[in-house]
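Breakdown of the fold
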Amino acid sequence: MLIEENKSLKKYNTFGIDCAARFFVSVSSKTALIKALKSNVHPNIFILGGGSNMLLTKDVDALVIHINFKGINIISEDDNYVHLSVMGGENWHEFVQYCIEKDYGGLENLSLIPGNVGTAPLQNIGAYGVELKDVLKSCQGISIDDFSEKEFSNKECQFGYRNSIFKNALKGKYIITEIKVKLTKNNHKKNIGYGVIQQELAKMNIKEPSLREISETIIKIRQSKLPDPNVIGNSGSFFKNPIVNRGVFENFIKQYPKAPFYVISETEIKVPAGWLIEKAGFKGKRFGDAGVHEKQALVLVYHGNATGNEILELADKIKKSVKEQFGITIIPEVNII
Ligand SMILES: Cc1cc2nc3c(=O)[nH]c(=O)nc-3n(C[C@H](O)[C@H](O)[C@H](O)COP(=O)(O)OP(=O)(O)OC[C@H]3O[C@@H](n4cnc5c(N)ncnc54)[C@H](O)[C@@H]3O)c2cc1C
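Residues numbered from 1 in each chain as written. Predicted model: local features only at pLDDT ≥ 70, side-chain atom pairs only at ≥ 80, totals over all residues. Heavy atoms only, no water.

**Brief notes about the site of the ligand**
Close contacts around the ligand come from 33 residues, with I47, G50, S52, T119 and Q123 the closest. A distance of 2.6 Å separates an oxygen atom of the ligand from a polar backbone atom of I47. Here an oxygen atom of the ligand sits 2.8 Å away from a polar atom, N or O, in the main chain of N53. For the shell around the ligand, the secondary-structure elements that each account for two or more residues are β3 (45-48), β8 (126-127), β12 (174-184) and β13 (233-237). Across the shell around the ligand, the residue classes tally to 14 nonpolar, 16 polar and three charged. (Near = heavy atom within 4 Å. Polar contact = N/O pair within 3.5 Å; in protein donor to acceptor, adjacent residues only side chain to side chain. Helix = DSSP H or I, 4+ residues; strand = E, 2+ residues; numbered from the N terminus. Nonpolar A, V, L, I, M, F, W, Y, C, P; charged D, E, K, R; others polar.)

**Looking at a nonpolar patch on the surface**
Residues I243, Y262 and I264 make up a contiguous nonpolar surface patch of about 290 Å² in total accessible area. Structurally, Y262 is set in strand β15 (residues 262-263). Owing to a relative accessible area of 54%, Y262 belongs among the exposed residues under this scheme. (Patch = residues over 30% accessible without salt bridge, like charges linked within 9 Å, V, L, I, M, F, W, Y side chains within 5 Å. Areas by Shrake-Rupley, 256 points an atom, 1.4 Å probe, with all protein chains shown as cover. Salt bridge = Lys/Arg side-chain N within 4 Å of Asp/Glu carboxyl O. Buried < 20%, exposed > 50% of the residue type's maximum accessible area, 1.4 Å probe, protein only.)

**Notes on the packing of helix α3 (residues 195-203) against helix α4 (residues 211-225)**
Running from amino to carboxyl end, α3 crosses α4 at an angle of 110 degrees, the nearest separation of the two axes being 10 Å. Taken together, the axes of α3 and α4 are roughly perpendicular relative to one another. Pair α3 / α4 crosses with right-handed handedness. Two secondary-structure elements touch here, α3 through V196, I197, E200 and L201 and α4 through T217, I218, K220 and I221. Residues of the contact of α3 with α4, tallied by class, amount to five nonpolar, one polar and two charged. (Axes fitted to C-alpha atoms, helices over the stretch in contact; angles between N-to-C directions. Parallel < 35°, antiparallel > 145°, perpendicular 65-115°, else oblique. Left-handed = near helix turned anticlockwise from the far one by under 90°. Contact = heavy atoms within 4.5 Å.)

**Section: the sheet that holds β15**
On the basis of which strands lie adjacent, the open sheet formed by three strands has the order β14-β16-β15 and antiparallel pairing. With one partner strand each, in any of the chains shown, β14 (243-245) and β15 form the two edges of the open sheet. One ladder, built from two bridges, connects β15 with strand β16 (residues 268-270); its direction is antiparallel. Bridged to Y262 within β16 is K270. Contacts between helix α5 (residues 246-255) and the sheet are confined to β14, β15 and β16, with β14 contributing the most and set at about 95 degrees to the helix. (Pairing = 2+ DSSP bridges.)

**Brief notes about the packing of helix α2 (residues 92-102) against α4**
Interhelical geometry of α2 versus α4 gives an angle of 150 degrees and a closest axis separation of 9 Å. Between α2 and α4, the angle falls in the class roughly antiparallel. Crossing hand, α2 versus α4: left-handed. Contacts between α2 and α4 involve H93, Q97, I100 and E101 from the first element and L211, R212, S215 and I219 from the second. For the contact of α2 with α4, a count of residues per class yields three nonpolar, three polar and two charged.

**Brief notes about the sheet that holds strand β1 (residues 4-8)**
Strand order across the open sheet formed by four strands is β1-β2-β5-β3, with mixed pairing between neighbours. Since the sheet does not close on itself, it has two edges, and those belong to β1 and β3, each with one partner. In this sheet, neighbouring strand axes are inclined to one another by 45 degrees on average, regardless of whether the strands run parallel or antiparallel. Across four bridges, the pairing between β3 and strand β5 (residues 60-67) is parallel. Along β5, the bridge assignment pairs F46 with V64.

**Some points on unusual backbone geometry**
Here N40, not a glycine, exhibits a phi torsion of approximately 60 degrees, which is positive. Structurally, N40 is set in the loop between α1 (30-38) and β3. Judged by relative accessible area, which is 68%, N40 ranks as exposed. Phi angles above zero are rare outside glycine, and F147 is one such case at about 65 degrees. By the secondary structure assignment, F147 is in the loop between β10 (136-143) and β11 (149-153). By relative accessible area, which is 26% here, F147 ends up partly exposed.

Below you can see the structure in the form of structure tokens.
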């Protein structure tokens, strides 16, 4: 097991920010993970997946453990369903493409989301009307405190919108090593209700899309809207879409009757954070080397020499401005380190 010292994390985060790990080790098995946890080289442990949901604002004074163990296995299958177990270090998009190849349905709308499989339960990744929770049966975690292993059922994960128990009561307590999902082998439940998906399929004259066609459509939409982290540093949506109560919403919609919104329940309404940020005048703006993407106001971008703190300052400026103008609080989806 090679433990490196003062290792640059520039290549390991999609913002491309050059902060260093005090100690760094890449683990390619659960055994190596436990060995690293027991190594005692540093009292603090920091888990790193694909680095696509973090903003590094300082060097990481910890043993950074990069999760790199792979494997996709069939646990059981019948004519209708397949149960798969997938190791935490698999790349999410490659796993989705494996499912498309095999014609396993359920994950096609989650194509092209960066990051590791093991990180996906943390924020219950989601896109275009589908969330991980829709297919996840359970996930396996290793306790950072006593190295014991525990299986968390879907219910125990307490999934919510970009949320789970691993971001709340169990934050920093468990390392997700493996997930188990149930996918369809036929009679796929296709989720193509989103307007933009409908429009793209109509352009291609496709009425009954295959899983592959759905995946390709999603990829096309995402590539046209979201910046590629290999070209410009970013972490996808920087903020969550705020969910507001009826009172706040009524005030807001009276002032902005044309604003888009999505009713979740009698009392909860979701407002697109991208719309709020754009209306507050930030879309496409650049402040030094920190900026707001010109096509998608929800994405903050890194132009090369900004520090994580400059991005954070911009995020705070946006948050303050949105609150003042609309009376709505937006909070980061990205993990600030
Ligand atoms: C261009 C772009 C588009 C994106 N689009 C979407 C989208 O559509 N939907 C969506 O939901 N997200 C999206 N994201 C966000 C991101 O891809 C997901 O949140 C992804 O699951 C993060 O995985 P990661 O391995 O890169 O996490 P990392 O950034 O490596 O880690 C994130 C956090 O999880 C912790 N962590 C990492 N691995 C583990 C583990 N195995 N066990 C416990 N803790 C762990 C880390 O310590 C850190 O706090 C996007 C990001 C980018 C850059």
